[in-house]
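# Structure at a glance
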Amino acid sequence: MLANSIIPCVAALVSLAASTETHGGYDFQVRFSNTADPETTDIKDAYEQAAAEQASTHLQARINATGIAADCLKSNTGPTPAELYALKDCVAADNVGNFFTLLADDIEESNTFWDTVVSQSTTDRTQWVPARMYTKAYFDGDLLAAQFAIWTQSQNADDANNHANPEHYYKKTTVTGLTSQSSDIFEGWGGVLSTFGTKRTNFTVPEYTTPTFGTADYPEEWAIDPSFLLIFQRIGPKVLKSGSEATFGALHIAVRDLAADEGDEGKSGIEVYAAVWYPPWDQASEQSRMEFTDNYLADEAHHMVVEVINLTLQAQKDCSTGLCVA
Ligand SMILES: *[C@@H]1O[C@H](CO)[C@@H](O)[C@H](O)[C@H]1NC(C)=O
Ligand SMILES: *[C@@H]1O[C@H](CO)[C@@H](O)[C@H](O)[C@H]1NC(C)=O
Ligand SMILES: CC(=O)N[C@H]1CO[C@H](CO)[C@@H](O)[C@@H]1O
């Protein structure tokens, strides 16, 4: 009798604990490490909304100050993600280079910030620190790992980026080989969870390729579970676009198919892993170092969740029209 009354109670607790967020009719579960349980509160909407409010206010202030694309403010000033994305579309339609001019001071500030982090870090890469997330997306056969991997190299993926995240401003990907790409990216992150504010960074990922772990550039510690096949993984340095051309991080993204019996949903899907490894800023004050590793990197991990959910949803739409032949 006792056992009977306890078991349903435990089951109820377990299902309460893991949060499944639903977007575009599909369920998602987020983890910030491979050993963690899924997050217990929804990540995407709250983070995207908070980031959109900040991005919208900042962009409007810059438009006001410079007069660039000022007509865009007549009909696009709301604080929601969708309204911000419409404002960014309008600014980019005026000239795709507008964001570099509007946010030139931000780029300078970010260059200074990252140059400081790099010059005040003394360790090899085994001691670098990650912003990282795992997101399970239960597409139930509507989007496969191979399709998502192919889609990420397409023009559609570049086009989707300014709608995938409030702080994204530019992305241009060039396929450089069978298993390599390079990307020019202008985006920001920070400011929602971290007191550092948003660092809007203009950078390239010049050699984004299939990883080989166990090297000085890509230490063994960065390898992930072998269920993520190497053919669906890419890694590459993040290099500042101007000034020092410093390598200030390394980007690693992977995707795998998820069998129906692996998740909590009884549905199949894909799991996306995204990580950026950074120098640990070990010579900073204790306060700055902690703010960096605890809050600033958490900001980027949340930013990546928003992006991955929006981008997989867009990939599903594009692939369903036959765009992603795997
Ligand atoms: C931009 O200018 C408009 C019109 O003067 C004003 O209503 C708005 O508050 C300004 N926005 C910001 C963020 O400065
Ligand atoms: C930022 O990068 C773009 C190309 O991706 C380049 O055209 C622009 O000049 C750069 N701006 C700054 C300020 O670094
Ligand atoms: C690319 C994409 O699908 N972006 C969507 C992200 O989510 C926001 C909020 O729901 C939408 O407005 C975007 O269109």
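Residues numbered from 1 in each chain as written. Chains lettered and ligands numbered in written order. Predicted model: local features only at pLDDT ≥ 70, side-chain atom pairs only at ≥ 80, totals over all residues. Heavy atoms only, no water.

### Notes on the packing of aromatic side chains
Overall, the coordinates contain 31 aromatic pairs when judged by the stated rule. When the centroid spacing of 5.0 Å and the interplanar angle of 75 degrees are considered together, the rings of Phe113 and Trp114 count as edge-to-face. Taking relative accessible area as the criterion, Phe113 reaches 11% and is therefore assigned buried. Summarising the aromatic geometry, the rings of Trp222 and Trp277 are spaced 4.9 Å apart at their centres and angled 5 degrees between planes, so their arrangement reads as stacked. Residue Trp222 is located in the loop between β6 (198-209) and β7 (233-240), and its partner Trp277 is located in strand β9 (residues 269-278); the two are separated by 55 residues in the primary sequence. (Phe/Tyr/Trp six-rings, centres within 6.5 Å; stacked < 30°, edge-to-face > 60°. Buried < 20%, exposed > 50% of the residue type's maximum accessible area, 1.4 Å probe, protein only. Helix = DSSP H or I, 4+ residues; strand = E, 2+ residues; numbered from the N terminus.)

### Considerations on the site of ligand 2
As a matter of local geometry, ligand 2 sits amid Phe100, Ile107, Tyr170, Asp184, Asn202, Lys241 and Ser242. Here Asn202 contributes a side-chain N or O atom positioned 2.5 Å from an oxygen atom of ligand 2. Here an oxygen atom of ligand 2 sits 3.4 Å away from a polar atom, N or O, in the side chain of Lys241. Its residues placed into classes, the shell around ligand 2 shows three nonpolar, two polar and two charged. (Near = heavy atom within 4 Å. Polar contact = N/O pair within 3.5 Å; in protein donor to acceptor, adjacent residues only side chain to side chain. Nonpolar A, V, L, I, M, F, W, Y, C, P; charged D, E, K, R; others polar.)

### Focus on the state of the cysteines
Throughout the structure, instances matching the rule amount to two disulfides. Here Cys72 engages in a disulfide with Cys90; their sulfurs sit 2.1 Å apart. Residues Cys72 and Cys90 are joined by a disulfide whose S-S torsion is about -85 degrees; by sign, that bridge is left-handed. Taken together, the residues Cys72 in the loop between α2 (44-66) and α3 (81-94) and Cys90 in helix α3 connect sequence positions 18 residues apart. Assessed through its relative accessible area of 26%, Cys90 is described here as partly exposed. The cystine pairing of the protein chain, numbering bonded cysteines in sequence order, is 1-2, 3-4. (Disulfide = S-S within 2.5 Å.)

### Details of the environment of Asn98
For Asn98, the position within the fold is in helix α4 (residues 98-102). Overall, Asn98 belongs to the buried group, its relative accessible area being 7%. Taking the C-alpha atoms as reference, Asn98 lies 9.9 Å from Lys88; in sequence the two are 10 residues apart. Beyond its immediate sequence surroundings of up to four residues, Asn98 is in contact with Ile68, Ala69 and Val91. Among the polar contacts listed, one links the side chain of Asn98 to the backbone oxygen of Val91, at a separation of 2.9 Å. (Contact = heavy atoms within 4.5 Å.)

### Structural notes on the side chain of Asn111
Secondary-structure assignment places Asn111 in helix α5 (residues 104-119). At 2.8 Å, the side chain of Asn111 forms a polar contact with the side chain of Ser242. Each residue touching Asn111, except ones within four places of it in the same chain, is listed here: Leu240 and Ser242.

### Re the environment of Asn34
With respect to the helices and strands, Asn34 occurs in the loop between β2 (26-31) and α2. The class for Asn34 is partly exposed, based on a relative accessible area of 49%. Residues Asn34 and Arg132, spaced 98 residues apart in sequence, show a C-alpha to C-alpha distance of 9.7 Å.

### With respect to the sheet that holds strand β8 (residues 247-258)
Taken together, the nine strands give an open sheet; going across it, the order is β1-β2-β3-β9-β8-β7-β6-β5-β4, and neighbouring strands pair in antiparallel fashion. Two strands lie at the open edges of the sheet, namely β1 (21-23) and β4 (168-177), each paired on one side alone. Taking the axes of each pair of neighbouring strands and ignoring which way they run, one obtains an average angle of 25 degrees across the sheet. Strand direction decides the pairing type here: β4 and strand β5 (residues 180-190), joined by eight bridges, are antiparallel. Opposite Gly177, over in β5, you have Ser180 as the bridge partner. The strands that helix α8 (residues 286-320) touches are β1, β2, β3 (129-138), β4, β5, β6, β7 and β9; relative to β3, the one it contacts most, it runs at about 30 degrees. (Pairing = 2+ DSSP bridges. Axes fitted to C-alpha atoms, helices over the stretch in contact; angles between N-to-C directions.)

### Comments concerning the site of ligand 3
The local shell around ligand 3 consists of Lys44, Glu48, Ala82, Tyr85, Ala160, His163, Asn310 and Gln314. Here Glu48 contributes a side-chain N or O atom positioned 3.4 Å from an oxygen atom of ligand 3. Contact distances for ligand 3 include 2.8 Å between a nitrogen atom and a backbone N or O atom of His163. In the complex, 70% of the free accessible area of ligand 3, which totals 360 Å², lies under the protein chains. Mapped onto the shell around ligand 3, the elements with two or more residues apiece are α2, α3, α7 (155-164) and α8. (Areas by Shrake-Rupley, 256 points an atom, 1.4 Å probe, with all protein chains shown as cover.)

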